[in-house]
Amino acid sequence: MAEFTMELNDEQKEVRDWIHGFAADVVRPAAAEWDEREETPWPVIQEAAKIGLYSLDFYAQQFFDPTGLGVPMTMEELFWGDAGIALSIVGTGLAAVGVLANGTEEQIGTWVPQMYGDPNDVKVAAFCSSEPDAGSDVASMRTRAVYDEAKDEWVLNGTKTWATNGGIANVHVVVAVVDPDLGSKGHASFIVPPNTPGLSQGQKFKKHGIRASHTAEVVLEDVRVPGHCLLGGKEKLDERLARAREKAKAGGVGVPPAGGWGRVKNAAMATFEASRPAVGAMAVGTARAAYEEALEYARTREQFGRPIIDNQGVAFQLADMRTQIDAARLLVWRASWMATTGKPFTSAEGSMSKLFASEVAKKVTAQAVQILGGNGFTREYPVERMHRDAAIYTIFEGTSEIQRLVIARTLSGMPIR
Ligand SMILES: Cc1cc2nc3c(=O)[nH]c(=O)nc-3n(C[C@H](O)[C@H](O)[C@H](O)COP(=O)(O)OP(=O)(O)OC[C@H]3O[C@@H](n4cnc5c(N)ncnc54)[C@H](O)[C@@H]3O)c2cc1C
């Protein structure tokens, strides 16, 4: 029987130290510059690609770490370096997961490598789900995909927003409505291959934080993609839609698929529960970085003839910051371990980890600004940037309110839309 341990194994420690080295030596020194430029840090992504850190192989290895800790460890170290640059490095992974979760083996083999490019010609990918009128309420999505049977092509029309790497991506994964009568059950995901006519970048957002990560609207005007770009294939989609229509006709009952309705609901929920701890780990990375800066500052800054950490008011804040960060990491690790080992998320533990860690990051970075006093308020010190960056964690991949809603509905047994 496997023994319980909270210790990383030697291989994990080696990988963690390797990522930390890159974050400290390459990412952190570039952070202020790319934050000011508000542009994708292509040279840093290329550096990451050269050492194998920006590659499908590396993420696959971390994803398949049997303990579940590979992904959170990677996220924490990279985001400790800088959140904006780190998101530029891991943003492609969001689109890749969209294909891994819904695509056929052939689709995975064709498109995922094109998302990353190669070290001499790095590429990024975008996952486009959110729309101006469909953020938390994904079911009100309007982007339409219509099948042109004569040409075996899908025609996409609509406007996506907030897409990380939107418009600059080599491959876009676009979620669209194929049957408007079925709400979110009538959605499907499509690959839009490189240089497809009709896809263009709309407004690029000037943001409060994570400014080194590109966020933009993606406009789709009569974008035609071949039939094989429908993720999972037409047969699987038709079966899924037929089941959903039967269910809708029967007032929500219908003929269950193999394994029953419960399995379908759990599969959808399990996907979100498994992806949210990764965002929690990003938040832990930013929080830890700000805490370390604040601790160092409190030890060295003297007022009234002694280091400010000698004041209980400052020392206790640091004690609380560190305690909350460690608690957040434990929730993230628990949820990641549950996802990898196939444990059921009976209390929405993945959402819990994202909720807690993102709120901790916001709080801890604000406390760090306070501990640095006037310096914390300037761009001379990184906590100012970390504080701006941390605000994203309670917003993307489901806001804190949506996490609470999911947790509460899971606990009470109410359906999650
Ligand atoms: C920098 C950045 C990068 C992003 N990257 C991507 C990406 O790559 N791909 C992608 O598809 N999307 C992306 N997003 C979109 C992100 O997921 C959405 O912004 C998020 O889901 C919230 O949607 P919204 O902005 O429309 O807010 P809204 O849904 O309009 O919410 C506004 C407020 O109302 C609250 N609220 C809404 N409904 C409820 C409710 N039922 N109960 C209580 N409160 C509620 C929310 O919690 C929030 O506080 C990104 C966003 C940002 C800012």
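Residues numbered from 1 in each chain as written. Predicted model: local features only at pLDDT ≥ 70, side-chain atom pairs only at ≥ 80, totals over all residues.

Under an unreviewed UniProt entry, the name given to the protein chain is Acyl-CoA dehydrogenase, and the source organism is Streptomyces lydicus.

**Concerning the overall build of the protein chain**
Summing up its helical and strand segments, the protein chain has 13 helices and 11 strands in all. For 417 residues, the compact-globule formula gives about 22 Å, and the C-alpha radius of gyration of the protein chain, at 22 Å, lands near that figure. When its C-alpha atoms are laid out on the principal axes, the protein chain stretches across 80 × 45 × 40 Å. Put simply, the protein chain has 417 residues, and 44% of those count as buried. Considering only contacts in the protein chain between residues 6 or more positions apart, those separated by 24 or more positions represent 73%. (Helix = DSSP H or I, 4+ residues; strand = E, 2+ residues; numbered from the N terminus. Rg over C-alpha atoms; globule rule 2.2 N^0.38 Å. Buried ≥ 20, exposed ≤ 12 C-beta atoms within 10 Å, placed from the backbone. Contact = placed C-beta atoms within 7 Å.)

**With respect to the nonpolar core**
Ranked by size, the top nonpolar core spans 112 residues in total, and within it Ala-95, Phe-190, Ala-283, Ala-287, Ala-328 and Ala-368 carry the most contacts. Looking at this core element by element, the count peaks at 14 residues for helix α8 (residues 261–300). (Core = buried A, V, L, I, M, F, W, Y, C linked by C-beta atoms within 7 Å.)

**A word on the site of the ligand**
The ligand sits among 21 residues. The nearest are Ser-129, Gly-135, Ser-136, Thr-399 and Glu-401. Of all the secondary-structure elements, those providing two or more residues to the shell around the ligand are β3 (125–128), β5 (153–164) and α13 (400–412). Taken domain by domain, the makeup of the shell around the ligand includes at least three residues from each of domain 2 (126–258) and domain 3 (262–412). (Near = placed C-beta within 6 Å. Domains from an automatic or database assignment.)

**Thoughts on the UniProt feature "domain: Acyl-CoA dehydrogenase/oxidase N-terminal" (unreviewed entry) in the protein chain**
UniProt feature "domain: Acyl-CoA dehydrogenase/oxidase N-terminal" (unreviewed entry): in the numbering of this structure it lies at residues 9–115. With 82% helix and 0% strand, residues 9–115 has its two end C-alpha atoms placed 31 Å apart. (UniProt positions renumbered as here; feature names shortened; annotations may be inferred.)

**Comments concerning the domain arrangement of the protein chain**
Entries for the protein chain in the domain assignment read domain 1 (10–122), domain 2 (126–258) and domain 3 (262–412). The straight-line distance from the C-alpha centre of domain 2 to that of domain 3 is 31 Å. Listed as interface residues are five residues of domain 2 and, on the opposing side, seven residues of domain 3. Class assignment for the residues of the side of domain 2 that touches domain 3 results in two nonpolar, three polar and no charged. (Nonpolar A, V, L, I, M, F, W, Y, C, P; charged D, E, K, R; others polar.)

**Re helix α10 (residues 349–371)**
With 23 residues, α10 should reach 33 Å at 1.5 Å per residue; the first-to-last C-alpha distance of 32 Å fits that figure. In terms of burial, α10 is largely enclosed, as 18 of its 23 residues are buried. Residue Gly-373 follows α10 closely and has a positive phi angle near 60 degrees. (Expected span 1.5 Å × (residues − 1).)

**Things to note about the pairing of strand β7 (residues 187–192)**
Here β7 lies mainly inside the structure; five of its six residues are buried. Bridge count between strand β6 (residues 171–177) and β7: six bridges; the pairing is antiparallel. Its bridge partner being in β7, Val-177 is matched across the sheet by His-187. (Pairing = 2+ DSSP bridges.)

**Observations regarding the environment of Gly-202**
By the element assignment, Gly-202 lies in strand β8 (residues 199–204). In this structure the C-alpha to C-alpha distance between Gly-202 and Gly-167, which are 35 residues apart in sequence, comes to 7.7 Å. In contact with Gly-202, not counting residues within four places along its chain, are Thr-159, Ala-216, Glu-217, Val-218 and Val-219.

**Examining the environment of Val-155**
Considering the arrangement of structural elements, one finds Val-155 in strand β5. You can call Val-155 partly exposed: it has 17 C-beta atoms within 10 Å. For the pair Val-155 and Ala-242, spaced 87 residues apart in sequence, the C-alpha to C-alpha distance is 21 Å. Excluding residues within four positions of it along the chain, Val-155 makes contact with Val-146, Asp-148, Asp-222 and Arg-224.

**Digging into the packing of helix α1 (residues 10–37) against helix α5 (residues 83–102)**
The N-to-C vectors of α1 and α5 enclose an angle of 100 degrees; their axes lie 8 Å apart at closest approach. Comparing the axis directions of α1 and α5 gives the class roughly perpendicular. Contact residues: Val-27, Ala-30, Ala-31, Trp-34 and Asp-35 in α1; Gly-84, Ile-85 and Ala-86 in α5. Here the residues of the contact of α1 with α5 are counted per class, giving six nonpolar, one polar and one charged. (Axes fitted to C-alpha atoms, helices over the stretch in contact; angles between N-to-C directions. Parallel < 35°, antiparallel > 145°, perpendicular 65-115°, else oblique.)

**As for unusual backbone geometry**
Despite not being glycine, Glu-38 has its phi angle at roughly 55 degrees, a positive value. Despite not being glycine, Asn-195 has its phi angle at roughly 60 degrees, a positive value. Tracing the backbone through its elements, the reader meets Asn-195 in the loop between β7 and β8.

**A short note on the packing of α1 against helix α4 (residues 70–81)**
In contact at an axis separation of 8 Å, α1 and α4 are set at 20 degrees when each is read in the N-to-C sense. As summarised for this structure, α1 and α4 are arranged roughly parallel, according to the angle between their axes. Note on packing geometry: the crossing formed by α1 with α4 is right-handed. Mapping the contact onto sequence places Gln-12, Arg-16, Ile-19, His-20, Ala-23, Ala-24, Val-27 and Arg-28 in α1 and Met-73, Thr-74, Glu-77, Leu-78, Trp-80 and Gly-81 in α4. (Left-handed = near helix turned anticlockwise from the far one by under 90°.)

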